[in-house]
Amino acid sequence: MKVIEKIREATAANDNRVVFSFEFFPPKTEDGVDNLFERMERMVAHNPTFCDITWGAGGSTADLTLEIANRMQNMVCVETMMHLTCTNMPVEKIDHALETIKSNGIQNVLALRGDPPHGQDKFVQVEGGFACALDLVNHMRSKYGDYFGITVAGYPEGHPDVIQDGGVAPTEAYKNDLAYLKRKVDAGADLIVTQLFYDTDIFLKFVNDCRQIGITCPIVPGIMPINNFKGFLRMTGFCKTKIPPEIMAALEPIKDNEEAVRAYGIHLGTEMCKKIMASGIRTLHLYTLNMEKSALAILMNLGLVEESKIARPLPWRRPANVFRVKENVRPIFWANRPKSYISRTVGWDQYPHGRWGDSRNASYGALSDYQFLRPRSRDKKLHEEWAVPLKNVEDIYELRTSPWTELDGLQPETKIITEQLGNINLKGFLTINSQPAVNGAKSDSPSVGWGGPGGYVYQKAYLEFFCSPEKLNALVDKCKIFPSLTYMAVNKEGTWRSNISNTDVNAVTWGVFPAKEIIQPTVVDPQSFMVWKDEAFEIWSRGWAKLYPEDDPSRKLLDEVRSKYYLVSLVDNDYVHGDLFAVFKDI
């Protein structure tokens, strides 16, 4: 979806809602990229309107920016805006970048002239390229029509190229800058995001000046929290940003105390945003410098986010990809491995909408190394938690974390049944996925809520686990006296046991909301279960056993379990009075 449409939709409600967004830049190392995505996941949970990723000076990070933008849109599942500059970019390279993000379902671009390449003082037009952002806007509109939402930069103090040594742009240069901004908007830009500033009055004057010359599109203030004194001086020096004397007076006595500087930066950012919001502007863009604490602290001070109230439109996060906008139902099996599910369904022509259809018509992508890749930091953590000596299968039962999840920590709803899960694990039922029964909880419940306000959500209790054939036999016998239980079980070789048809699809999560049809976003589907089982069994070897040396007894034990155990999906269809864990008593 275009960012401009999201902003208009949010601000049209006349409820004084303020929307916010975050900017990130491509790190220089692989570990830095891993850390960025971990941080981004936490920040995106607060539902920013969009996030943008910068394009390095001179196109120095072009490939990495394209890769990060794709992952943001399709794996982190946030509306993504990619910066694109003219520096060192002939038209062929620009079109390659635009075609790439278009094929990845990205619709938003911040069109910039760009800074000079490293080591150069001035921008130089590359042969076969563009001279300025206006050229880029014109090209995008002429070649790609209305597909892209185009954002351009605004400079409240004037472009750095025209700011003189005294820190002020001459009046004529400032007016020319405004006139040029209007030409960019008239050429097809539909949003303006400003350069950083620290004098709020200058920003508000800039907005008024823009309105006076007929610029009517939203103007989003760019807010950069002060995280440390040297970085602040470096950034404001580079951008030729005016620093009000009262800010320097406040910073000077604490400049060597990084914690105090950060606290002041949060206070200053909060007060700036309050003044901007009081003027009627309802959009904020935070330059994070890839750090989360200051940006989130400012938003919390403004009452725009609450740690305890992270809203979820659905129980799972849908990619912002334009091709998946109608997707609203998934099999439950990948609940803890959403990135794997997205990667295995990326080629679908259409995505389930309304009701889960005949899944046999949808071809899941084959397993590849991608499904088993982990960030280095997570790989190190798993080594510490899982590469421990295993003398017998009972040692496996006692482990408390799972290589069957991409997620960090337990989900809030899992904590409701943590004790019961621990008990059945000790009995030899190795759980990898679960949800408690819910009968009409409010949709804003911090543990199980999802969807819009004023709704009620429902869940059938669900368990997924590995167990031995002997344990499975005992469980199947017990299920005969629990008529509300339905199960599916399959081993690595595909031997199937179940008390349902292989075409029966069971909705296990649904919600009822004002003025909407019932939404059922999570199902148990036998056809998808058979696809998932290959991945689930593969994790025993490629996700866990490989952490040990080739001839290690622990590795051999895991391979043996993988070859003998069954993967089981168990649903209690009585979400009102049922007790899924009762079936495990006396086993």
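Each value, and the rule that gives it
Residues numbered from 1 in each chain as written. Predicted model: local features only at pLDDT ≥ 70, side-chain atom pairs only at ≥ 80, totals over all residues. Heavy atoms only, no water. UniProt positions renumbered as here; feature names shortened; annotations may be inferred. Salt bridge = Lys/Arg side-chain N within 4 Å of Asp/Glu carboxyl O. Helix = DSSP H or I, 4+ residues; strand = E, 2+ residues; numbered from the N terminus. Buried < 20%, exposed > 50% of the residue type's maximum accessible area, 1.4 Å probe, protein only. Pairing = 2+ DSSP bridges. Core = buried A, V, L, I, M, F, W, Y, C linked by side-chain atoms within 4.5 Å. Contact = heavy atoms within 4.5 Å. Axes fitted to C-alpha atoms, helices over the stretch in contact; angles between N-to-C directions. Expected span 1.5 Å × (residues − 1). Arc of directions from axis to C-beta. Phe/Tyr/Trp six-rings, centres within 6.5 Å; stacked < 30°, edge-to-face > 60°.

An unreviewed UniProt entry lists the chain under the name Methylenetetrahydrofolate reductase, from Sesamum latifolium. The record held by UniProt for the chain lists under Pathway (unreviewed entry) the comment "One-carbon metabolism; tetrahydrofolate interconversion."

(A) Inspection of the pattern of salt bridges at higher detail. One pass over the full model with this rule turns up 25 salt bridges. For E493, the salt bridge is made with K492, and the minimal N-O distance between the two is 3.6 Å. One salt bridge in this structure joins R542 and E538, with 3.6 Å as the shortest N-O distance. Taken as a pair, R542 and E538 lie in helix α17 (residues 526–544) at a separation of four residues, close to a single helical turn. The exposure class assigned to R542 is partly exposed, which follows from its relative accessible area of 25%. Bridged by salt links that share partners, the residues R39, R42 and E292 form one connected network.

(B) Summary view of the side chain of S340. With respect to the element layout, S340 can be found in helix α12 (residues 338–344). The class for S340 is buried, based on a relative accessible area of 1%.

(C) Looking closely at the sheet that holds strand β11 (residues 438–442). Ordered by their spatial adjacency, five strands build an open sheet running β9-β17-β16-β12-β11, and the pairing between neighbours is mixed. Among the strands making up the open sheet, the edge pair consists of β9 (330–331) and β11. As paired elements, β11 and strand β12 (residues 456–459) share four bridges and run antiparallel to each other. Looking at β12, one finds that V438 is bridged to Q459.

(D) Looking closely at the nonpolar core. Core analysis: the biggest nonpolar cluster contains 98 residues, and F22 and L84 have the highest contact counts within it. Counting residues per element, this core draws most heavily on helix α10 (residues 258–278), at seven residues. Setting aside anything within four residues of it in sequence, one finds L84 in contact with W55, M89, I94, A97, L98, V109, L110, A111, L112 and L136. Judged by nonpolar contacts, the second largest core, of 43 residues, contains L382, V393, L557 and L567.

(E) Main features of the sheet that holds strand β7 (residues 219–223). Taken in spatial order, the eight strands line up as β1-β2-β3-β4-β5-β6-β7-β8 and close into a barrel, and their pairing is parallel. Strand after strand, the sheet turns through a mean of 30 degrees between neighbouring axes, direction not considered. With four bridges connecting them, strand β5 (residues 149–154) and strand β6 (residues 191–196) associate as parallel partners. When the sheet's bridge partners are listed, G154 is paired in β6 with T194. Contacts from helix α7 (residues 200–212) reach β5, β6 and β7 within the one sheet, and its direction differs from that of β7 by about 160 degrees.

(F) Inspection of helix α18 (residues 553–564) at higher detail. For α18, built from twelve residues, the straight-helix expectation of 16 Å at 1.5 Å per residue is met to within 8% by its first-to-last C-alpha distance of 17 Å. Regarding α18, the residues found buried are S554, R555, L557, L558, V561 and R562. Here the buried residues of α18 occupy an arc of 160 degrees about the axis, which is enough to place them on one side. When the buried face of α18 is taken as reference, the exposed residues oriented beyond 90 degrees from it are P553 and K556. Of the surrounding elements, those touching the buried residues of α18 are α14 (393–397) and α17.

(G) Quick peek at the packing of aromatic side chains. Here the structure, examined in full by the defined rule, presents 29 aromatic pairs. Plain terms: the ring middles of W540 and W544 are 5.5 Å apart, the flat faces sit at 15 degrees to each other, and that makes the pair stacked. Of this pair, W540 and W544 both sit in helix α17, separated by four residues, roughly a single helical turn. Among the residues examined, W540 registers a relative accessible area of 0% and is labelled buried. By relative accessible area, W544 is classed as buried at 1%. Linked through ring pairs, W334, Y341, W348, Y351, Y364 and W532 together constitute an aromatic cluster.

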